[in-house]
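# Working through the structure, step by step
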Amino acid sequence: MTTTDTNTDSVVLSMRGITRRFPGVTALNNVEIDVRKNEILGLLGENGAGKSVLTKIMIGIHQPDEGHITLDGQEIAPKGTIEAIKKGIGAVFQEGSLIPNLSVTENLFLCHEQGFLRHGLLSKRQMASEARRLMAIMKLSLDIDQPVSMLSPAAKQMVEIARVLWLSEKYGATNPIVILDEPTTVLNDGERETLFSILKDLKTRASIIFISHRLQEVLENCDRIVVLKDGENVTQMPAAGLQVADVEQLLVGHEFSGDRFRENEQAAPGDKVVLKIDRMSKAGAFEPLSFSVREGEIVSLIGLVGSGKEELCRCITGLEKYSSGSLTINDRSPQIGSARAAVLSGIGHVPVERREEGLALNMSVADNINHLVLDKLKKGGVINGGMEKDHARRWVAECLVKTPSINAACSGLSGGNQQKIILSKWLSSDVRLLILDHPTRGIDIGAKDEVYRLIRKFAKSGIAMIIMCDTLEEDIGLANRLLVMRDRQLVAELDAPPGRKPGPQDLIKLII
Amino acid sequence: MQNAPQESSHATGRSNRRRLKDRVQPIHLTVALIIVVGVALAIGNPNFLSMYNLDTIISFGAILLVAALGQMFAILIGGIDLSVGGTISLVSVMFVLLVHKIGVWAFPICLATGLLLGYVNGLILTRVKIPSFIATLGTGGIITSLAYLVSPRPLSAALDDYGYFQIVDGTIFGVSKTFVIGLVVFVLIWAFLRFTTTGRNIYFVGSNIKMSWMSGTDIALNRNIAFMISGGCAAIVGIMISSIRYGGDPVVGSSYVLSSVAAVVVGGTALTGGTGGVLNVLSGTLFLSLLDNGMNVVGVDQYFQQALLGFMIILGVAVTFDRTKTPIIK
Amino acid sequence: MKSAGNSADAMGSPNKTAFASLRWLRRSGVMTQLISLALIAALFAIGTEGRSLSWANIQVILSLAAIPAILATGVHLTIVIGGIDLSLQGTVALCAVFVGLLAQNKYNTNDVGLWIIPISIAIGAAAGLLTGVLHTKLRIPSFITTLGMSFVLYGLAVFINQSRIISLPDDRIQTFINAQPFGIANVVLVAIVIVVAVQLFEDRTRIGRHLYAVGGDEALAKQLGVNVDWVKIVAFTIAGCLYGLAAVLLVTRMGTATSRAGLNLLFPTITAVVVGGVSLTGGLGGAKNAILGATILAILNNGMVLMAVNPYAQQAVNGIVLIVAVALTLDRKKLGFIK
């Protein structure tokens, strides 16, 4: 790790030697980070670099396996967000932690209303005046009595920041730390400007940790930056004078040995066009774009959160409606916004949430594998038990699923095996285009390799795939072609033939 | 936000512990209970093992079985059918009147009524998008009102019509006809669940409705079919009850809501849906019939029996409810 | 920063109060109900050629609505937290039976006099407490817990009562609730006092606000530090208290105590709550909604009686009203997939 700034006088929060492991992976390894008084600290890193685990450790949701946290010179080990907030450390996440039907005032003071009790009842007047005071600090003018669900995302963020500040004040934390997780993704330009000017004001009363993938705005608005990569702290340095390109270098570039993604098995796609998207757009999600996918082609969709790629996939799979344009799969145009129509036309979807969306957990391996082809496993119009078993066994063998029996419930299997079952389900059906959403998330190295093998195999048999992966390297390694999305537009299409693949550095420029 | 935890290929110690608990399934407990209760009753009361008594258990048990099998469909798909009481009552009075007017055609029309009411329940769920327990609570009330509208008081069958009632009442080859009907329905439903795509899909929808939707399953269709079968079974129960009493009564169905749910739940079918089957329902029904019979023989108050039923539902759900599915219990 | 509120502050003083009260009215969530109430009242006024608007009839309507309002206030607390309480019939039956046995009666020599009121409330509270504990500690969904409890309590009630019809000669309570010192039957005033008290509880106490937090987003509320289990238990217990109170009023009004006192209460109460604007998904609606819903239903049923509508059709109408009201007030985004 390189540190080009050794002034430690004004350190508020100091984390040393932080290591956190989860089954199968080390999320953070010996991370060191300082947060200074009255500064805005930018926290950067790719998906999976460890930013969110580090944040959760700071606010007490996780505890580090090794390492120490020191706040204002004293060692702390918060166990839970309530302990952390009492020490003055609070986070504002993208999803928001406001109860929608309660008013702004109520949300500000929820669970800490003791101070407002007069004769056992809450004093609305006191709460209101305190709320107004906080709104003034945040330079917000809004109706504090309205339910929070009616506020704009920008206003909601402000309310949450105000809550953190108020709680720190209330519990006597002298140097509050407010962590903002990707606050600008939901803001428009004007709101972003306002946010930054408020943060500059806020600097005088708190330290701010600003997590964002938008390098430009981080460099412009933060005093110092910390870069995480693969769970390690790559650097802590002042932001002054840094260029975006310098930082890009630090973010990517993993060392992989060997042919990790089985590139030597990558085949050229067939000629027939399977999927044709013509000027499809969705209001508020992505602008009109067009592309096509051929038989056996693996197309990787890359882009940051908020680039529109997730919504694009949801429109293709029928989970959401698109506003204009058309989608044709094998010359059929399935009904917009119907998952069923999409599946019947040959579009399949391997979701990112395996347990919630991919499997019937309490049902057997065989049942899940056979789910889509039951009509074919019939003899004389009724489902034939023997054919069911054979089909299931064939796929278990094909995909190397480790299970005690084909009748075992899926809930007991590991993530990797569950994923293979989901893949078997789709691959044994008539799917012509398979959307794979982060197919190797949460599974170990060995299982990942098996998934890659399956992906290659089925590409060879003519199934087209659109994938979104956890790392740029995976996207590049697996794909025949890369589609880059940024700020709701399709900005580039790149070929990625084996042996002449673009590097992550080339792509990072396009994404950010 | 990223999901950080990853899993290994090896099962953790935690799932080992679960496997043992999985092997002792609720149905084993029910069977054990049946044996215990049966033995206790046999010892406690000499009349219990008489042919007459056993015959009574089987005849009435068969009626409950049909109602419970119908309820099972609503529960398998993740909902519940609180309108079966209304349907049973309505059909019981309709049957008496129709048999008088159009003879044997009363059978298919009553059955069709049950199917139709079930379809309406399914429609309300899918179109109006209200949870089944409220929707069927409402439709149950409406259907019961219809029953009262048709006949505010108990109806007796006309002597001339007795022949039609005797189609269901009585014995055939020495075995009570209601038992045969129950058996036939049981086999048909078992076959339906085992051998048809719809049967299997009902399990999938109940187990993980989101996954089913994303996999292209026609949720509305499966739901409609599930509730139609529930309604159809309720209609059959209405016909059966009418036949053995030689008359109809708009109050007759109300106790079946509770007992059908109890039979399903006590037998080990979770209310969360997607697990359980005909054998579970059979064991639950058998247990309830034994208990019912035993308590009547001993002379326990009928309402106390209902209290006991309520208690068993709570217990049954506490044991079988899949809490991993819904982390928040509302 | 875009201001997400309206610009009433920018208005001049004279209009300020008018706009403020209008905004309060809109915000309090009873506009629709008040409008519906006016519409239905108008409808029946026309249908009955004005008979429904006679002072005598209005008194009838209010008295009709009073006890359901108390019951509805109880139930709505359990709905606001995102659950439901199907056990009110059983609780009322059990309390009624105890009233029959403990108050001055023709069956035994007990006479606890007016103490029967707190006793009945206490029994209801105990039932509600048990329900709440079963629901939260055993983690059984509220609708099953309360469905089961309903039968347990009702069975217990019948078992204790043994189908006796016990008459209660002590008519002090009955006289009180029917007396009209202020022009309206006291029972109505009791109902109003209770509604105001519960509404105050919901608006101005910490637990009251936490009820709405739990109903709004239970998981989040828990994360933020709300003691969800305790809040739920409190909701069910208070509901039980109110059922106990309603039971005393019901029984003394009739003059006889039987376990049948609990019959046919569930349906109209839930309908009243939903019609009043309390969303079944939780987090919205207060005691004032409950009483408004009870009043609307009372006007509806009174009107149907005045117009001589078939009693069984009336029941059907109530069923339809329930389904329609639920359909209109359900927050489907919250529910995700409907089961």
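Cut-offs and rules
Residues numbered from 1 in each chain as written. Chains lettered and ligands numbered in written order. Predicted model: local features only at pLDDT ≥ 70, side-chain atom pairs only at ≥ 80, totals over all residues. Helix = DSSP H or I, 4+ residues; strand = E, 2+ residues; numbered from the N terminus. Buried ≥ 20, exposed ≤ 12 C-beta atoms within 10 Å, placed from the backbone. Rg over C-alpha atoms; globule rule 2.2 N^0.38 Å. Contact = placed C-beta atoms within 7 Å. Pairing = 2+ DSSP bridges. Axes fitted to C-alpha atoms, helices over the stretch in contact; angles between N-to-C directions. Domains from an automatic or database assignment. Nonpolar A, V, L, I, M, F, W, Y, C, P; charged D, E, K, R; others polar. Core = buried A, V, L, I, M, F, W, Y, C linked by C-beta atoms within 7 Å. Parallel < 35°, antiparallel > 145°, perpendicular 65-115°, else oblique. Left-handed = near helix turned anticlockwise from the far one by under 90°. Expected span 1.5 Å × (residues − 1).

On to the overall build of chain B. Summing up its helical and strand segments, chain B has 14 helices and four strands in all. Across the 330 residues that make up chain B, the buried fraction comes to 54%.

This brings us to the overall build of chain A. The helix and strand tally for chain A stands at 17 helices and 24 strands. For 512 residues, the compact-globule estimate of 2.2 N^0.38 gives 24 Å, and the C-alpha radius of gyration of chain A, at 26 Å, lies within 12% of that figure. Along the first, second and third principal axes, the C-alpha set of chain A runs to 75 × 55 × 50 Å. Taken across its 512 residues, chain A has 48% of its residues classed as buried. Long-range pairs, those at least 24 residues apart, make up 69% of the contacts in chain A with a sequence separation of at least 6.

The next subject is the sheet that holds strand β15 (residues 286-294) of chain A. Residues and elements named next belong to chain A. One open sheet accounts for three strands, arranged β15-β14-β17; its pairing is antiparallel. The open sheet terminates on both sides in strands that have one partner only, identified here as β15 and β17 (324-329). Averaged over all adjacent pairs, the angle separating strand axes in this sheet is 5°, with direction ignored. With six bridges joining them, strand β14 (residues 273-282) and β15 adopt antiparallel strand pairing. Bridge assignment links Lys 282 to a residue of β15, and that residue is Phe 286. In this fold helix α9 (residues 309-316) packs onto β14, β15 and β17, with an angle of close to 120° to the strand it touches most, β14.

Turning to the domain arrangement of chain A, a few remarks are in order. All names here are of chain A. By domain assignment, chain A separates into domain 1 (2-251) and domain 2 (263-511). Relative to domain 2, the C-alpha centre of domain 1 lies at a distance of 36 Å. Listed per partner, the contact involves nine residues of domain 1 and nine residues of domain 2. Here the residues of the side of domain 1 that touches domain 2 sort into one nonpolar, six polar and two charged.

Another point: the nonpolar core. Of all hydrophobic cores here, the largest spans 352 residues; its most connected members are B:Val237, C:Val92, C:Ala96, C:Ala246 and C:Ala247. At 17 residues, helix α11 (residues 228-254) of chain C tops the list of elements feeding residues into this core. Per-domain counts for this core show at least three residues from each of domain 1 (2-251) and domain 2 (263-511) of chain A. C:Ala246 has contacts with C:Ile67, C:Ile70, C:Leu71 and C:Val92, leaving out every residue within four places of it along the chain.

Attention now moves to the packing of helix α4 (residues 88-102) of chain C against helix α6 (residues 142-161) of chain C. The packing of two helices is summarised by the inter-axis angle and the distance between the axes. All names here are of chain C. Following both chains from N to C, one finds α4 and α6 inclined at 20°, their axes separated by 7 Å at the closest point. Regarding the angle of α4 to α6, the classification is roughly parallel. The two elements α4 and α6 meet at a crossing, and its hand is left-handed. Within the contact between the two elements, α4 uses Gln 89, Gly 90, Thr 91, Ala 93, Leu 94, Val 97 and Gly 100 and α6 uses Met 149, Ser 150, Phe 151, Val 152, Leu 153, Tyr 154, Leu 156, Ala 157, Ile 160 and Asn 161. Of the residues that constitute the contact of α4 with α6, the class distribution is 11 nonpolar, six polar and no charged.

Contacts between chain C and chain B engage 42 residues on the former and 40 residues on the latter. Secondary structure elements with two or more residues in the side of chain C that touches chain B: α6, α10 (218-224), α14 (311-329) and α15 (332-335) of chain C. Per-element accounting of the side of chain C that touches chain B gives the leading share, 15 residues, to α6(C). Broken down by class, the residue content of the side of chain C that touches chain B amounts to 29 nonpolar, nine polar and four charged.

The next point concerns helix α5 (residues 106-128) of chain B. Taking 1.5 Å per residue as the helical rise, α5(B) with its 23 residues ought to reach 33 Å, and the 32 Å between its terminal C-alpha atoms agrees with that figure. Turning to α5(B), its buried residues number three or more, namely B:Ala106, B:Cys110, B:Thr113, B:Gly114, B:Leu115, B:Leu117, B:Gly118, B:Asn121, B:Gly122, B:Ile124 and B:Leu125. Looking at the buried residues of α5(B), the elements they touch are α4 (84-102), α6 (132-150), α7 (162-165) and α11 (219-245) of chain B together with α14 of chain C. Trailing α5(B) by a residue or two, B:Lys129 shows a phi angle of about 60°, which is positive.

So, on to the environment of C:Pro141. All names here are of chain C. Mapped onto the elements, Pro 141 comes out in the loop between α5 (116-137) and α6. On the basis of neighbour counts, which here come to 21 C-beta atoms within 10 Å, the residue Pro 141 falls in the buried class. Separated by 57 residues in sequence, Pro 141 and Ile 84 have C-alpha atoms that sit 9.1 Å apart.

The next point concerns the pairing of strand β13 (residues 232-238) of chain A. All names here are of chain A. Where strand β12 (residues 224-229) and β13 come together, six bridges link them in antiparallel fashion. Of the residues in β13, the one forming a bridge with Val 226 is Gln 236. Hairpin connection, β12 to β13: the antiparallel pair is bridged by two residues, and Asp 230 has positive phi, about 55°.

Here we take up the sheet that holds strand β6 (residues 74-76) of chain A. Residues and elements named next belong to chain A. One open sheet accounts for four strands, arranged β3-β2-β5-β6; its pairing is antiparallel. Strands with a single pairing partner mark the edges of an open sheet, and in this sheet they are β3 (25-36) and β6. For this sheet, the mean inter-axis angle between neighbouring strands, taken without regard to orientation, is 25°. Pairing between strand β2 (residues 11-22) and strand β5 (residues 66-71): five bridges, direction antiparallel.

Okay, the environment of B:Ala74 next. Residues and elements named next belong to chain B. Locating Ala 74 in the fold gives a position in helix α3 (residues 51-76). By the C-beta count within 10 Å, which is 34 here, Ala 74 ends up buried. Among residues more than four places away in sequence, those in contact with Ala 74 are Gly 79, Ile 80, Asp 81, Ser 132, Ala 226, Phe 227 and Ser 230.

All names here are of chain A. Viewed as axis vectors pointing N to C, helix α14 (residues 415-427) and helix α15 (residues 445-460) meet at an angle of 10°, and their least axial separation amounts to 10 Å. Considering their axes alone, α14 and α15 lie roughly parallel with respect to each other. Where α14 abuts α15, its residues Gly 416, Gln 419, Lys 420, Leu 423 and Leu 427 lie against Ala 447, Glu 450, Val 451, Leu 454 and Phe 458. Looking at the contact of α14 with α15 residue by residue, the class counts come to six nonpolar, two polar and two charged.

Attention now goes to unusual backbone geometry. Residues and elements named next belong to chain A. Residues other than glycine seldom take positive phi values, yet Cys 111 does so here, at roughly 70°. Following the sequence through the fold, Cys 111 ends up in the loop between α3 (104-109) and β8 (117-118). Classification of Cys 111 by C-beta neighbours within 10 Å gives partly exposed; the count is 16. At His 119, a position not held by glycine, the phi torsion is positive, near 55°. Secondary-structure assignment places His 119 in the loop between β8 and β9 (121-122).

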